[in-house]
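Residue-level structure breakdown
In case you want the letters, here they are:
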Amino acid sequence: MKKLFTAASLATLAPVAAAAQEMSIDDRVNEVFASSTGWFVNLIFSPLPFQIAGSDFPWIVMWLVVGATVFTVYFGLIQLRAFGHAISLVKGDYSDPNDAGEVSHFQALTTALSGTVGLGNIAGVAVAVGIGGPGATFWMILAGLLGMASKFTECTLGVKYRNEYPDGTVSGGPMYYMTKGFKERNLPGGSILAVLFSIFCILGALGGGNMFQANQAHAQISGILGDYPGWWTGVVFAIVVFLVIVGGIKSIASVTEKVVPFMGIMYVGAALVILLVNYDQIGWAFGQIWAGAFTGLGVAGGFVGALIQGFKRAAFSNEAGVGSAAIAHSAVRTKEPVTEGVVSLLEPFIDTVVICTMTALVITISGVLVVDPTTGLYVLNEAGTSIQTADGSSGVQLTSAAFATGFSWFPYVLAVAVVLFAFSTMISWSYYGLKAWTYLFGEGKTKELVFKLIFCVFIVIGAAAQLGAVIDFSDAMIFAMAVVNITALYFLMPIVKREMNSYFNRLKTGEIVKHTH
């Protein structure tokens, strides 16, 4: 996920104008929007009514983590049992080109990854480690591992209940398994959940999956090239994004299968070089992570603070349980729904366990975190101030400073990474929003084109404006998707278990064999 902060940021992001000072149009929009939607943002991101060891725990994060834990237990640690088979599926060992669907297992995985790998991996990890100490990394990894089971559940259902059309296109996602799955189990309310999910998805796609990405990309580019109008960046992005998304999921997948591996290898490669240069400190860094996970080396409530920060950043980064990935994975070419559920569990592993951990290790080893000499706690960032900010900028700066200890030119690489992350996120979320749009308003080229044009207009708006309250609201919409989605998953997980047992029994008996290409 891209946007990292909660409704508490409203107070910082909302415009504060002096009584005698004329407010800008952006300020007016922010003020009006915040006053009318703040209640919803506060509702989604509010903490539990009680503190845990003196720390606030957002209920939405608890909702995601509890769901992931339930699915992990219910499906018998599927993320560990099926990991090897997931690799085989991504390699295409069991792929039949004659199966219904539009993209390969690998393309579906990279499309979903492009929607989750983003600023959460760069800025969010820095915030987690800065507040919760290195120990937050341990809990972040654990949350990522648990989230693999959530992805498995939702993506299996996404393929099972997708709509397949005569022209070879497909539409799938939570809105389809909510209606069809609930009907199959004779449960009421499926259509209501589907409509709610679709509305949340469209608004989330336009804001957090679009405007925020364009805004952050412009901030990075203008930071290097100098200040210039944001709408210039927006227009360029809008044109490039439109050229990609106008071709549908096949066009999106053909781009993401190239961009995602490139940006992932570039980022992880730079991290590996830093770690190799400082190889003698790797053992110490893991020691800090382990010790901090249970004793607390950060300022936020000891080990519970580390746990909260780790769980929060993992949930906000990999979107396990949100339901968005099920839309992308539904387009896969397969006749076995479980195969894509198995492939999808690699997504939180790559996003959280690999990329986020790399970032945390570099930050810990580089020495950019400051330790209070009195308490021995990690409390400050490289500028000597509190790391937590409303817009996430200090998180990016901290990561940039950490990598710059090995490469003075890394801020330029980071700028490229942010632009690529923003671009890939936009094209993936355009597809998520589109499928929610067509669920509500019907299939058809004209209806699809209308949404794609609206999406591109919002890119220009996002790059040109500083609409903090709008972004907060759309972010709340994305996590409102998780409330609806996980509710549905609880009712439908017996269907997934039946599919899982059938598939792995047939795999074991040899009924399902590798496909010869």
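A brief report on the enclosed structure follows. (Residues numbered from 1 in each chain as written. Predicted model: local features only at pLDDT ≥ 70, side-chain atom pairs only at ≥ 80, totals over all residues. Heavy atoms only, no water.)

So, the overall build of the protein chain
Counting secondary structure elements, the protein chain contains 21 helices and four strands. Burial analysis of the protein chain (517 residues in total) assigns 61% to the buried set. Within the protein chain, counting contacts between residues at least 6 apart in sequence, those at least 24 apart form 83% of the total. For the protein chain, the accessible area works out to roughly 19100 Å², and carbon and sulfur atoms hold 67% of it. (Helix = DSSP H or I, 4+ residues; strand = E, 2+ residues; numbered from the N terminus. Buried < 20%, exposed > 50% of the residue type's maximum accessible area, 1.4 Å probe, protein only. Contact = heavy atoms within 4.5 Å. Areas by Shrake-Rupley, 256 points an atom, 1.4 Å probe, with all protein chains shown as cover.)

Digging into the packing of aromatic side chains
This structure, assessed with the given rule, holds 18 aromatic pairs. Taking the centre distance of 5.5 Å and the plane angle of 75° together, the rings of Phe75 and Phe152 count as edge-to-face. Residue Phe75 is located in the loop between α3 (59-74) and α4 (78-81), and its partner Phe152 is located in helix α8 (residues 136-160); the two are separated by 77 residues in the primary sequence. Judged by relative accessible area, Phe152 falls into the buried class, the value being 0%. (Phe/Tyr/Trp six-rings, centres within 6.5 Å; stacked < 30°, edge-to-face > 60°.)

Here we look at unusual backbone geometry
Phi is positive for Leu77, close to 55°, though the residue is something other than glycine. If you trace the backbone, Leu77 turns up in the loop between α3 and α4. Even without being a glycine, Asn186 presents a positive backbone phi close to 60°. As for its placement among the helices and strands, Asn186 is situated in the loop between α9 (174-184) and α10 (190-225). Overall, Asn186 belongs to the exposed group, its relative accessible area being 69%.

Thoughts on α9
Counting buried positions along α9 yields eight of 11 residues, so the element is predominantly enclosed. If you check which residues of α9 are buried, you get Pro174, Met175, Tyr176, Tyr177, Met178, Thr179, Gly181 and Phe182. Two residues or fewer after α9 comes Asn186, characterised by a positive phi angle close to 60°.

Structural notes on the nonpolar core
With 148 residues, the main nonpolar core has Ile78, Phe152, Val241, Phe455 and Ile459 as its most contacted residues. Those residues within four positions of Val241 in sequence are excluded, and the remaining contacts are Phe423, Met426, Ile427, Phe455, Cys456 and Ile459. (Core = buried A, V, L, I, M, F, W, Y, C linked by side-chain atoms within 4.5 Å.)

Brief notes about empty space enclosed by the protein
Per the counting criterion, the structure on display carries two cavities of 30 Å³ or more. Roughly 90 Å³ of volume is contained in the largest cavity. As for the largest cavity, its lining consists of Leu64, Val65, Ala68, Ala143, Leu146, Gly147, Ala314, Ala315, Asn318 and Ala320. Counting residues per element, the ones that place at least two in the lining of the largest cavity are α3, α8 and α14 (302-318). Considering only residue class, the lining of the largest cavity consists of eight nonpolar, two polar and no charged. (1 Å grid on protein atoms, 1.4 Å probe; cavity = no way out; pocket = protein on both sides within 12 Å on 5 of 7 lines; lining within 4 Å. Points joined across faces, edges and corners; volume = space filled by probe spheres on them. Nonpolar A, V, L, I, M, F, W, Y, C, P; charged D, E, K, R; others polar.)

Focus on the side chain of Thr364
Note that Thr364 resides in helix α17 (residues 346-366). Accessibility expressed as a relative area gives 3% for Thr364, which makes it buried. Beyond its immediate sequence surroundings of up to four residues, Thr364 is in contact with Val129, Pro134, Trp284, Ala285 and Gln288.

Description of the packing of α10 against helix α20 (residues 445-464)
Across the interface, α10 lies against α20 with an axial gap of 7 Å and an inter-helix angle of 40°. Relative to α20, α10 is oriented oblique. The element α10 and its partner α20 pack so that their crossing is right-handed. In this structure, α10 uses Ile202, Ala205, Leu206, Gly209, Asn210, Met211, Ala214, Asn215 and His218 to contact α20, whose residues at the interface are Phe451, Ile454, Phe455, Phe458, Ile459, Ile461, Gly462 and Ala463. Class assignment for the residues of the contact of α10 with α20 results in 12 nonpolar, five polar and no charged. (Axes fitted to C-alpha atoms, helices over the stretch in contact; angles between N-to-C directions. Parallel < 35°, antiparallel > 145°, perpendicular 65-115°, else oblique. Left-handed = near helix turned anticlockwise from the far one by under 90°.)

Details of the pattern of salt bridges
Summed over all chains, the structure comprises five salt bridges. Close ionic contact of Glu499 with Lys160 constitutes a salt bridge, the shortest N to O distance being 2.8 Å. Note that Glu499 is positioned in helix α21 (residues 468-509) and Lys160 in helix α8, a separation of 339 residues in sequence. Across the pair Glu164 and Arg162 runs a salt bridge whose closest N-O atoms are separated by 3.1 Å. By relative accessible area, which is 49% here, Glu164 ends up partly exposed. (Salt bridge = Lys/Arg side-chain N within 4 Å of Asp/Glu carboxyl O.)

As for the packing of helix α19 (residues 410-441) against α20
When two helices pack together, their arrangement is given by the angle between the helix axes and by the axis-to-axis distance. As a packed pair, α19 and α20 sit with axes 10 Å apart at the nearest point and diverge in direction by 140°. As summarised for this structure, α19 and α20 are arranged oblique, according to the angle between their axes. The hand of the α19/α20 crossing is right-handed. Contact residues: Met426, Trp429, Ser430, Gly433, Leu434, Trp437, Thr438 and Phe441 in α19; Lys447, Glu448, Val450, Phe451, Lys452, Ile454, Phe455 and Ile459 in α20.

A short note on the environment of Val413
Locating Val413 in the fold gives a position in helix α19. Separated by 147 residues in the primary sequence, Val413 and Met266 have C-alpha atoms spaced 8.6 Å apart.

Here we look at a nonpolar patch on the surface
Taken together, Trp231, Trp232, Val235, Ile239 and Leu243 make up a surface patch of nonpolar side chains, about 530 Å² in accessible area. Secondary-structure assignment places Ile239 in helix α11 (residues 230-245). (Patch = residues over 30% accessible without salt bridge, like charges linked within 9 Å, V, L, I, M, F, W, Y side chains within 5 Å.)

Re α19
Under the 1.5 Å per step criterion, the end-to-end length of α19 is 46 Å for 32 residues, consistent within 8% with the ideal 46 Å. When you tally the buried positions in α19, you get 25 out of 32 residues, the bulk of the element. At the C-terminal side of α19, Gly442 shows a positive phi close to 100°. (Expected span 1.5 Å × (residues − 1).)

Some details on the environment of Ala320
Relative to the helices and strands, Ala320 is located in the loop between α14 and α15 (324-329). Note on Ala320: relative accessible area 6%, which makes it buried. Separated by 166 residues in the primary sequence, Ala320 and Glu154 place their C-alpha atoms 8.9 Å from one another. When near neighbours in sequence (up to four residues on either side) are disregarded, Ala320 contacts Leu64, Gly147, Ser150 and Lys151.

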